[in-house]
Every structure is written in C-alpha cells, then in structure tokens.
Amino acid sequence: MKESFYQLTSEQKMEDYQMKIKQFEKAALTEFRSGNTENAIVLFENAWDVLLEPKTDKPESYLIANSLVFALNKVKKYAEALEWAKKLMNSALDRHDDGDREYMAGTVLYHLERKEDAWKYFDVANDKSVGRCFIGADKKEYSDFFKNRT
C-alpha cells in the first residue's frame, strides 16, 4: 500500500518536493526551447506554486522567477513580467549578486516605456556585473539604450 504524504518522513517529503519542482522546471525548459513559451510559463508558474512558504527563501525561487520574467518579456506580457521581476528582486537573496535581478527588472521597465527607471536598474546591474550584464548579441537593444542615454 502506498504511503500518504503525511506519513512520509520529513526527508522523504523534501525529496518529493524537490523532485516535483525539478520536473516542472525541466518540462518548462523543454517547452521553452521548443518555442512553446506560453506552455513554459504555465509550467514555471506551477513550479512556483509547489515552493514551500516563504517561497522567496528557497534557492529554486531565483531560477523560476528569472525564467518567468524572461519568458513573459518574450511574449510581450510586460505587466506580468514586472510582477515577477518584483518577486525576483527578493528571491534567494543568499545567492551571489551579480546584477542579474536588476538587469531583468531593467528589461521589463524598458519595454513598459519607463526609461528612466530602466536606466537606473541597468546602471546598478552594470556596476554589480562590471559591465558583463550587457554581453551577448541578444542584449544589444538594452546595451545600446544604456550606453546612449540622453
């Protein structure tokens, strides 16, 4: 007979919890890479829902929130992306801080036409990353905006 979730040891519960999150993340990344961004968003949101409270204290919260900001930007759902950027700013704060949070927030604010706010976040990201946050062809639009601020 299968044990219920409540009969499992705390170690077994943690393994089950982590396995569920990894399954959602893996499926979401597969969907995203296949061009099914909307499906990936749903799966990343499901992964977030599985996180134990307080969600932002969990190491997985950073990857999930970051992925959601990126995917929502891709499908031009900028208001939703901003909500996830706010969660990202508070996720896994014990993680090394290289300006990724600010960079992602800056991308959302840029698309929301909040250029002054975007520039401020990009400035922090640039400082924390020592300029590395703008490296890559896919970041040229943001790099040009940041470098050519008027």
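The structure we're discussing is the one just above.
Just so you know, the residues in each chain are numbered from 1, in the order the chain's sequence is written. pLDDT decides what is reported in this predicted model: residues at 70 or higher carry local features, side-chain atom pairs at 80 or more are listed and counted, and totals for whole chains, interfaces and linings draw on all residues regardless. For the side-chain quantities, the full set of heavy atoms in the structure was used; hydrogens and water were omitted.

**Digging into the pattern of salt bridges**
For this document, the term salt bridge refers to a Lys or Arg side-chain nitrogen within 4 Å of an Asp or Glu carboxyl oxygen. Enumeration over the complete set of coordinates arrives at nine salt bridges. Where R149 meets E116, a salt bridge forms, and the shortest distance between an N and an O atom there is 2.4 Å. On the criterion of sequence distance, the pair formed by R149 in the segment after α7 (140-147) and E116 in helix α6 (residues 115-129) is long-range, its members being 33 residues apart. The cut-offs for exposure are 20% and 50% of the maximum accessible area for each residue type, with area from a 1.4 Å probe on protein chains only; residues under the lower value are buried, those over the upper are exposed, and the others partly exposed. Using a relative accessible area of 41% as the deciding quantity, one classes E116 as partly exposed. Members of the salt-bridge network, linked through shared partners, are D97, E102 and K128. In this text, helices come from DSSP runs of H or I with a minimum length of four residues, and strands from runs of E with a minimum of two, each type numbered from the N-terminal end.

**Quick word on the packing of aromatic side chains**
Put simply, two rings from Phe, Tyr or Trp (the six-membered ring, in Trp's case) pair if the centres are within 6.5 Å, and we call them stacked under 30 degrees between planes, edge-to-face over 60, tilted for the rest. For the structure shown, the criterion picks out twelve aromatic pairs. With a centroid separation of 5.8 Å and an interplanar angle of 75°, the aromatic rings of Y103 and F134 are classed as edge-to-face. Taken together, the residues Y103 in helix α5 (residues 100-111) and F134 in the loop between α6 and α7 connect sequence positions 31 residues apart. With relative accessibility at 7%, the residue Y103 sits in the buried group. By relative accessible area, which is 9% here, F134 ends up buried. Counting every residue linked through ring pairs, the aromatic cluster contains Y103, Y110, W119, F122, F134, Y142, F145 and F146.

**Brief notes about the side chain of T37**
Along the chain, T37 falls in helix α2 (residues 37-50). By the convention used here, residues are in contact when the closest approach between their heavy atoms is within 4.5 Å. Those residues in contact with T37 that sit more than four places away from it in its chain are E31, F32, A71, K74 and V75.

**So, the environment of V124**
As for its placement among the helices and strands, V124 is situated in helix α6. Residue classification places V124 among the partly exposed positions, given a relative accessible area of 33%. C-alpha separation for the pair V124 and G136, spaced twelve residues apart in sequence, amounts to 18 Å.

**Some remarks on α6**
Under the 1.5 Å per step criterion, the end-to-end length of α6 is 20 Å for 15 residues, consistent within 8% with the ideal 21 Å. The complete set of buried residues in α6 reads A118, W119, F122, A125, N126 and S129. The buried side chains of α6 occupy one side of the element, clustering within an arc of 125° when seen end-on. In this fold, the buried residues of α6 make contact with α5 and α7. Two residues or fewer past α6, V130 is found with a positive phi of approximately 55°. Under the convention used throughout, the expected extent of a helix is 1.5 Å for every residue step, that is, one less than its residue count. The arc under discussion is defined with respect to the helix axis, by the directions toward the C-beta atoms.

Note that all results are geometric; they support no functional claim without further evidence.
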